[in-house]
There are 4 protein chains.
Amino acid sequence: MLIVMQPNATDEDVRSVVAKLKSIGAEAHVSKGKFRTVVGAIGDDTEIATLPLEALDGVERVIPVLKPYKIVAKEAQDGLTIVEIGTAKIGGEHFAVVAGPCAVENREQTLTSAKAVAASGATILRGEAFKPRTSPYAFQGLGKEALEIMKDASRDTGLPFVAEVLDARDVELVAEYADALRVGARNMQNFTLLSEVGKQHKPVILKRGMNSTIEEWLLAAEYIAKEGNESIVLCERGIRTYEPATRFTLDISAVPVLRQLTHLPIIVDPSHAAGRSYAVGPLARAAIAVGADGVMIDVHPCPEEALCDGAQAILPHEFERLMGELRQIARVMGRVIG
Amino acid sequence: MLIVMQPNATDEDVRSVVAKLKSIGAEAHVSKGKFRTVVGAIGDDTEIATLPLEALDGVERVIPVLKPYKIVAKEAQDGLTIVEIGTAKIGGEHFAVVAGPCAVENREQTLTSAKAVAASGATILRGEAFKPRTSPYAFQGLGKEALEIMKDASRDTGLPFVAEVLDARDVELVAEYADALRVGARNMQNFTLLSEVGKQHKPVILKRGMNSTIEEWLLAAEYIAKEGNESIVLCERGIRTYEPATRFTLDISAVPVLRQLTHLPIIVDPSHAAGRSYAVGPLARAAIAVGADGVMIDVHPCPEEALCDGAQAILPHEFERLMGELRQIARVMGRVIG
Amino acid sequence: MLIVMQPNATDEDVRSVVAKLKSIGAEAHVSKGKFRTVVGAIGDDTEIATLPLEALDGVERVIPVLKPYKIVAKEAQDGLTIVEIGTAKIGGEHFAVVAGPCAVENREQTLTSAKAVAASGATILRGEAFKPRTSPYAFQGLGKEALEIMKDASRDTGLPFVAEVLDARDVELVAEYADALRVGARNMQNFTLLSEVGKQHKPVILKRGMNSTIEEWLLAAEYIAKEGNESIVLCERGIRTYEPATRFTLDISAVPVLRQLTHLPIIVDPSHAAGRSYAVGPLARAAIAVGADGVMIDVHPCPEEALCDGAQAILPHEFERLMGELRQIARVMGRVIG
Amino acid sequence: MLIVMQPNATDEDVRSVVAKLKSIGAEAHVSKGKFRTVVGAIGDDTEIATLPLEALDGVERVIPVLKPYKIVAKEAQDGLTIVEIGTAKIGGEHFAVVAGPCAVENREQTLTSAKAVAASGATILRGEAFKPRTSPYAFQGLGKEALEIMKDASRDTGLPFVAEVLDARDVELVAEYADALRVGARNMQNFTLLSEVGKQHKPVILKRGMNSTIEEWLLAAEYIAKEGNESIVLCERGIRTYEPATRFTLDISAVPVLRQLTHLPIIVDPSHAAGRSYAVGPLARAAIAVGADGVMIDVHPCPEEALCDGAQAILPHEFERLMGELRQIARVMGRVIG
């Protein structure tokens, strides 16, 4: 932690900062420049971070030097984490394709979509039981019935499935059915949900909040890991910017940035980012080329009948063609799908 | 709802759109321009909004004409809503000053702060028991013990108090103690929490998500109102932008915009927006001058000892001076504090 | 300048950083923490900033400690700058009201508007001759003819006027007529224009780029000041965010932030920020209450005939009422209008 | 153009809108819904757009239906534009690699870099003579001398070169030397510069403003095209968002979006977007995979000596490896480099 003093800070101000640091057992190195004094704090950064140093007289700003997350940091382990969801692997050389309808609407739509994506080579199924919807008047998901349908789709296709959990009270129910849990963008900073998800023993796909920095996202992962669950997959799904041409702006750069910061695998959801089916294929290709460990794609047999996000779903035959492109780029990248 | 067709849309495409609308009992007016055809959908917009019209062939985009919220819309009632929290009123001519420490850290800090803000003329106390923190290693609040301390502070000062609720499972507990519940920015789209809060009988202060549009915010309020609780106060607290000089960018324009859209009262939190104590007074003055119905301000007797957000807390004597300024501007604006 | 080394930086890496700093005569203080080494660079920061330190092996990031601007920095002089535009003053206790039509469309519209705002107490006229328009098919301004009309309006009302300059080749022409030049948001980083404007002897109103940080804005002011012209007024006019309800998001917090950083006066343009006339009055009141040194307001005798930005112009009688409110808040703030 | 009336708009208000439209020869279709009346305007949209319809009583909002650009719109021609810069082609099956140092610092650095990128297969050289710098104290480029060095580099390698133009007064000079002109992000809405560039006969690479929407970008291209120059290449270079981990956020989705809207070729600059060399390769691969028509990459023989943007430059041997990856993905995408 570096504490930059104001130009007019007094010696007394500097002494207060030093005393504050010493009060928790940290060391302080004072470095006087011509215009500014900088105090370097050496000790347990997590503890130092709890001090309200910016409220002390004469302090201009406090600059953290160490990363605030620990378990999920790249330095925390040798090599990359490979997460296993049922038979599927994500990370290392393994590139995952999570696919299926956005929401489970009924048995037929779900099984049709599941069989189609399985036939084209998807490695994990998606299909939601609980849907977070901006409007209270929109379709909110079928709940437990949807989980049963997904379980059947999983049995029929031999693929594991992932399902979103919206409420800490539903964690056990969803974990009973699904092979992996998903925490959605709107819940990325629902800290009690993160803790509950961290206490069970299923892998977790953690979507980035649409307004979250990469650092906040890693801290959300840290909430899960801190409870003992380190099987976490990060999923970039677009951030909110001023550009209206797409639903969100896919932050493709997050993939190489995260590769520098964490050992966790990183996948990309082009469907929710773009919000428009025509951009899903191009963005999925960009994801594998940039070095992501997987993609998550909405596929619907009949988007014009979808109860949720129909405009972004691609058709089964479009998915089939996309899988062909992904396989070719995977070879260039030295990856295997599955 | 207006459906704009693509330049190359066929008559068949237009007929499909019309058929889709008729399938749910809506009417369709087709208007052919030189370059584009536009279909106007007339009927229950909430129901029309559930149709995946953007997934239909030949559709370029779908433009909602009606507001997607109903109960909280300005047109839904004559005049403005005045929310009562204990003895305090918010809205109409009543300007509320919610003040106190960000977090309840211990009995002494809380009572000192509460008495100071009460003496200066605050109308409602704040002080949190459960704190949503970006890092799992930061102080998370004292929970039930804090609620008991706040209850005592309330008794000592005669002022009602508001407390944040983070988890649907805690709604009853917090409602048992507090005079009003607060839903924080990170939970603005925690829809199950919104519904639970809507089912109890205490007023709710709903903070804007730091990435939420005004429309999404009103839809979050609609989630609460739909369960029967219409005592809702909206609280602007800054949105996330590229500017690093403040913690968030206070969207002061949200106040006049909301005045056009809703009958609910609107308050402003300059402390969390700015993140720096020197800006709190100026922004609080801006809030009353722009026409807000109240402000929420962090006051701490000793910010350099604060366990949470010390850099943004103002001192009791600074709060005292600010109250004097607010009273003078209130007179210009035809408002009373309290 | 602080140079934070990567966790795995070698002693050789640190020595390279030190050598690089010494090569330009700067001193280097090396501070080894448990996890990171930090090198403090002491010397001429402007020169140190030219070193590509982030490209050196083992460097994680470079953190500037000193502000990159000098002449416009608060520390550069005792007290605040008061800018004089003709008979009007901006800064210190003087609050300026710049008003008039957005664009000069014809003589009658301009004179009507000018007389109306003068009668209500505006202190400076506005009315543009050259208009930067997003579309090449929109009205681009009357050029020199408009400057002549504004000169007449100025003579008739006894008020000075300000006019925008878009192109370095027009600086002399505009300076010949106008009492102050204005550099618009889209040209805030048109560095050759800034230099030209800095070379002449008229005050300059420098609008903030809609995507610019406060630091970049002050550096743009520094470009002007560096050429010898320190009569600069900063004008906040809204920044681009994801919120669509207003044309831009007025960053009202920029006023108190700038007050910490610069001695230059700061005004606010609520008209271009909001883009909607109903919000102009409330935001102008917020501007004076937050501590700004002036406002700039579009007033049009007949907005429904305006060739440019009619939706944001207020009517002369609305301006008259607003002036009354501003005068009352000015008294509370200890300011005089004029 | 669709004009949505307010809920309480009167018949008189609707008649005023209709009269306004008719006054310029447009037709008006009035469609009365249960809650809102919508007026559809049919005629020359460019002319209709000049009407201040939003300033009329009773109007809630005006929704453009047609795109505001014409010459650069996809519908304006059959097939895609292929731009020729010297011997290089951009667009269609041709993928361009523009590479070289960010700024021309001296002859040796420039020739070394130019030969290296030519040897690895770059198709166009870059190297700037005039640099727009945020700080007036930073290196501003060598001007004419740099153009002469680049001319020599071009002769030595047989590759054409592109150079940025900052000021309308320099357009002729730069066009005399360079094979293509570049308009930088900070000048994307420098409308007088756009017009000058449109009047000469060299191809133009138009970078996206870091705060510009895709629509504003196409309108900037329209400014150039309107003067007769349709050899325009659009260059995505990152937009400004709240995320601090990269210098800008590369909006990779802009590529498929633009493909729907324009016939112009689109390239991507990963160097300026990321601001960090480690991300340049991954983002360049993403660019070709998403369907872009080229990339522009900073390559410097010795980044730790660079006078400008050293942190984002990659080394010649890193560029060599990247070219190998791009060639392989080009094959998958059915593209040729060159």
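### A word on the overall build of chain A
And then number 1: Helices and strands together make up the secondary structure of chain A, namely 11 helices and 15 strands.
And then number 2: Taking the principal axes of the C-alpha coordinates as reference, chain A spans close to 75 × 45 × 40 Å.
And then number 3: Within the span of chain A, comprising 338 residues, buried residues form 65% of the whole.
And then number 4: If you take every contact in chain A between residues at least 6 apart in sequence, the share linking residues at least 24 apart comes to 69%.
And then number 5: If you sum the accessible surface of chain A, you get close to 11,100 Å²; carbon and sulfur atoms cover 47% of it.
And then number 6: Averaging the locations of the 37 positively and 45 negatively charged side chains of chain A gives two centres separated by 3 Å.

### Considering the sheet that holds strand 2 (residues 27-32) of chain C
All names here are of chain C.
And then number 1: Taken in spatial order, the 4 strands of this open sheet run 2-3-1-4, and their pairing is antiparallel. Since the sheet does not close on itself, it has two edges, and those belong to strand 2 and strand 4 (59-63), each with one partner. If you compare each strand with its neighbour and ignore which way they point, the axes differ by 20 degrees on average.
And then number 2: By the bridge criterion, 3 bridges tie strand 1 (residues 2-5) to strand 3 (residues 37-42) in an arrangement that is antiparallel. Residue Val-4 lies in a different strand from strand 3, and its bridge partner there is Val-38.
And then number 3: Where helix 1 (residues 11-22) meets the sheet, its contacts fall on strand 1, strand 2, strand 3 and strand 4, and the angle it forms with strand 2 comes to roughly 155 degrees.

### Topic: the interface of chain C and chain B
When the parts of a complex come together, some accessible area is lost, and that lost area is often taken as the interface size.
And then number 1: With 37 residues of chain C at the interface, the matching set in chain B holds 37 residues.
And then number 2: When chain C packs against chain B, close to 2,800 Å² is buried across both sides, 70% of that on carbon and sulfur atoms.
And then number 3: Of all residues in chain C, the largest losses of buried area upon contact with chain B belong to Tyr-242, Tyr-278 and Val-332 of chain C, amounting jointly to 21% of the total for that side.
And then number 4: Applying the counting rule to chain C against chain B returns 2 salt bridges.

### Concerning the sheet that holds strand 2 (residues 27-32) of chain B
Residue and element names in this part refer to chain B.
And then number 1: If you walk across this open sheet you meet the 4 strands as 2-3-1-4, and the pairing is antiparallel. Here the strands that pair on one side only, and so sit at the sheet edges, are strand 2 and strand 4 (59-63). Neighbour to neighbour, the strand axes of the sheet diverge by 20 degrees on average, direction disregarded.
And then number 2: Sheet analysis places strand 1 (residues 2-5) next to strand 4, joined by 4 bridges and oriented antiparallel. Bridging from a neighbouring strand, Val-4 pairs with Arg-61 of strand 4.
And then number 3: Across the sheet, helix 1 (residues 11-22) lies against strand 1, strand 2, strand 3 (37-42) and strand 4, angled at about 155 degrees from strand 2, the strand it touches most.

### Re the packing of aromatic side chains
When we look at a pair of aromatic rings, we describe it by the centre distance and by the angle of the planes.
And then number 1: One pass over the full model with this rule turns up 4 aromatic pairs over all chains.
And then number 2: Ring centres of Phe-191 of chain D and Tyr-223 of chain D lie 4.6 Å apart, and the angle between their planes is 25 degrees; on these two criteria the pair is classed as stacked. Here Tyr-223 of chain D lies in helix 7 (residues 214-226) and Phe-191 of chain D lies in helix 6 (residues 191-199), a separation of 32 residues in the sequence.
And then number 3: Judged by its relative accessible area of 4%, Tyr-223 of chain D falls in the buried class.
And then number 4: Over the ring of Tyr-137 of chain B we find Lys-70 of chain A; its NZ or CZ atom is 5.1 Å from the centre of that ring.
And then number 5: Over the face of the ring belonging to Phe-248 of chain A we find Arg-237 of chain A, whose NZ or CZ atom lies 4.2 Å from the ring centre.

### Some thoughts on the interface of chain A and chain B
And then number 1: Counting residues at the interface gives 47 residues for chain A and 48 residues for chain B.
And then number 2: When the buried surface of chain A facing chain B is broken down by residue, Pro-136, Tyr-137 and Asn-211 of chain A rank first, second and third, together holding 16% of it.
And then number 3: Taken together, chain A and chain B are joined by 6 salt bridges.
And then number 4: Between Glu-305 of chain B and Lys-20 of chain A there is a salt bridge, and its shortest N-O distance comes to 3.4 Å.
And then number 5: Remark: the boundary between chain A and chain B carries 22 residue pairs in polar contact (both at pLDDT 80 or more).
And then number 6: The element best represented in the side of chain A that touches chain B is helix 7 (residues 214-226) of chain A, accounting for 5 residues.

### Section: the relation of the copies chain C and chain B
And then number 1: Between the two copies, chain C and chain B, the superposition gives an RMSD of 0.0 Å; the rotation angle is 180 degrees and the shift along the axis is 0.0 Å. What the superposition gives is, in effect, a two-fold axis relating one chain to the other. Proximity to the rotation axis, assessed at the C-alpha, singles out Ala-286 of chain C in chain C; its C-alpha lies 2.1 Å from the axis.
And then number 2: Of all interface residues in chain C, 100% are interface residues in chain B too; the two copies therefore contact each other through one and the same surface.

### Overview of the pairing of strand 14 (residues 294-298) of chain D
All names here are of chain D.
And then number 1: Summarising burial for strand 14: 5 of the 5 residues are buried, a large majority.
And then number 2: Bridging between strand 7 (residues 94-100) and strand 14 involves 5 bridges; their strand directions are parallel. Within strand 14, the position partnered with Val-98 by the bridge is Met-296.
And then number 3: Relative to strand 14, strand 13 (residues 266-268) is paired through 2 bridges, and the arrangement is parallel. Each residue of the ladder has a partner; that of Val-268, found in strand 14, is Val-295.

### Focus: the confidence of the model for chain A
And then number 1: Summary statistics for chain A give a mean pLDDT of 93 and a share of 100% for residues scoring 70 or more.
And then number 2: Two summary scores accompany this predicted model of the complex, namely pTM at 0.94 and ipTM at 0.94.

### Focus: the pattern of salt bridges
And then number 1: Per the stated rule, a full pass over the model turns up 84 salt bridges over all chains.
And then number 2: Asp-298 of chain A serves as the salt-bridge partner of Arg-126 of chain A, at 3.1 Å between the closest nitrogen and oxygen. With Arg-126 of chain A in strand 8 (residues 124-126) and Asp-298 of chain A in strand 14 (residues 294-298), this residue pair connects regions lying 172 residues apart in the sequence.
And then number 3: One salt bridge in this structure joins Arg-169 of chain B and Glu-196 of chain A, with 3.2 Å as the shortest N-O distance. With one member in each of two chains, Arg-169 of chain B in the loop between strand 9 (161-164) and helix 5 (171-177) and Glu-196 of chain A in helix 6 (residues 191-199) form a pair that bridges those chains.
And then number 4: With relative accessibility at 22%, the residue Glu-196 of chain A sits in the partly exposed group.

### What to know about the nonpolar core
Nonpolar side chains in soluble globular proteins tend to end up buried together.
And then number 1: Core analysis: the largest hydrophobic core is formed by 163 residues, its most contacted members being Leu-206 and Phe-319 of chain A together with Leu-206 and Phe-319 of chain D.
And then number 2: Leave out the neighbours within four places in its chain, and Phe-319 of chain D touches Val-97, Ala-99, Val-117, Ser-120, Ala-122, Ile-297, Val-299 and Ile-314 of chain D.
And then number 3: Membership of the second largest hydrophobic core comes to 161 residues, among which are Leu-166 of chain B together with Leu-264, Ala-287 and Phe-319 of chain C.

### Digging into helix 7 of chain D
Residues and elements named next belong to chain D.
And then number 1: Taking 1.5 Å of rise per residue, the 13 residues of helix 7 would be expected to cover 18 Å, and the 18 Å separating its terminal C-alpha atoms lies within 8% of that figure.
And then number 2: All buried positions along helix 7 are accounted for by Ile-214, Glu-216, Trp-217, Leu-218, Leu-219, Ala-220, Ala-221, Glu-222, Tyr-223, Ile-224 and Ala-225.
And then number 3: Where the residues of helix 7 are buried, they touch helix 6, strand 11 (204-207), strand 12 (232-236) and helix 8 (254-261).
And then number 4: A positive backbone phi angle near 115 degrees is found at Gly-228, which sits one or two residues after helix 7.

### Regarding the relation of the copies chain A and chain B
And then number 1: Superposing chain A onto chain B takes a rotation of 180 degrees combined with a translation of 0.0 Å along the rotation axis, leaving an RMSD of 0.0 Å.
And then number 2: Here 100% of the interface residues in chain A have copies in chain B that are interface residues too; the copies meet face to matching face.

### Details of the environment of Tyr-69 of chain C
Residue and element names in this part refer to chain C.
And then number 1: Position of Tyr-69 among the secondary structure elements: in the loop between strand 4 and strand 5 (83-85).
And then number 2: Each C-alpha atom of the pair Tyr-69 and Ala-221 lies 8.8 Å from the other, and the pair is 152 residues apart in sequence.
And then number 3: If near-sequence neighbours (up to four positions away) are discounted, Tyr-69 is found in contact with Glu-215, Leu-218, Leu-219, Glu-222 and Leu-261.

### What about helix 7 (residues 214-226) of chain B?
Along an α-helix, residues three or four positions apart point the same way, because every turn accommodates 3.6 residues.
And then number 1: Burial within helix 7 of chain B is extensive, with 11 of its 13 residues counted as buried.
And then number 2: Residues of helix 7 of chain B that are buried in the fold lie against helix 6 (191-199), strand 11 (204-207), strand 12 (232-236) and helix 8 (254-261) of chain B.

### A few points about the packing of helix 10 (residues 280-290) of chain C against helix 11 (residues 316-333) of chain C
Residues and elements named next belong to chain C.
And then number 1: At a minimum axis distance of 9 Å, the contact between helix 10 and helix 11 shows a crossing angle of 20 degrees. Classified by the angle their axes make, helix 10 and helix 11 are roughly parallel. The two elements helix 10 and helix 11 meet at a crossing, and its hand is right-handed. Residues Gly-281, Ala-284, Arg-285, Ile-288 and Ala-289 of helix 10 pack against Leu-322, Glu-325, Leu-326, Ile-329, Ala-330 and Met-333 of helix 11.
And then number 2: Classifying every residue of the contact of helix 10 with helix 11 by side-chain character gives 8 nonpolar, 1 polar and 2 charged.

Thresholds applied
- Residues numbered from 1 in each chain as written.
- Chains lettered and ligands numbered in written order.
- Predicted model: local features only at pLDDT ≥ 70, side-chain atom pairs only at ≥ 80, totals over all residues.
- Heavy atoms only, no water.
- Helix = DSSP H or I, 4+ residues; strand = E, 2+ residues; numbered from the N terminus.
- Buried < 20%, exposed > 50% of the residue type's maximum accessible area, 1.4 Å probe, protein only.
- Contact = heavy atoms within 4.5 Å.
- Areas by Shrake-Rupley, 256 points an atom, 1.4 Å probe, with all protein chains shown as cover.
- Lys, Arg positive; Asp, Glu negative; His and termini not counted.
- Charge placed at Lys NZ, Arg CZ, Asp CG, Glu CD.
- Pairing = 2+ DSSP bridges.
- Axes fitted to C-alpha atoms, helices over the stretch in contact; angles between N-to-C directions.
- Buried area = accessible area lost by both parts, 1.4 Å probe.
- Salt bridge = Lys/Arg side-chain N within 4 Å of Asp/Glu carboxyl O.
- Phe/Tyr/Trp six-rings, centres within 6.5 Å; stacked < 30°, edge-to-face > 60°.
- Lys NZ or Arg CZ within 6 Å of the ring centre and 35° of its normal.
- Polar contact = N/O pair within 3.5 Å; in protein donor to acceptor, adjacent residues only side chain to side chain.
- Least-squares fit on C-alpha atoms with pLDDT ≥ 70 in both.
- pLDDT = per-residue confidence, 0-100.
- Core = buried A, V, L, I, M, F, W, Y, C linked by side-chain atoms within 4.5 Å.
- Expected span 1.5 Å × (residues − 1).
- Parallel < 35°, antiparallel > 145°, perpendicular 65-115°, else oblique.
- Left-handed = near helix turned anticlockwise from the far one by under 90°.
- Nonpolar A, V, L, I, M, F, W, Y, C, P; charged D, E, K, R; others polar.

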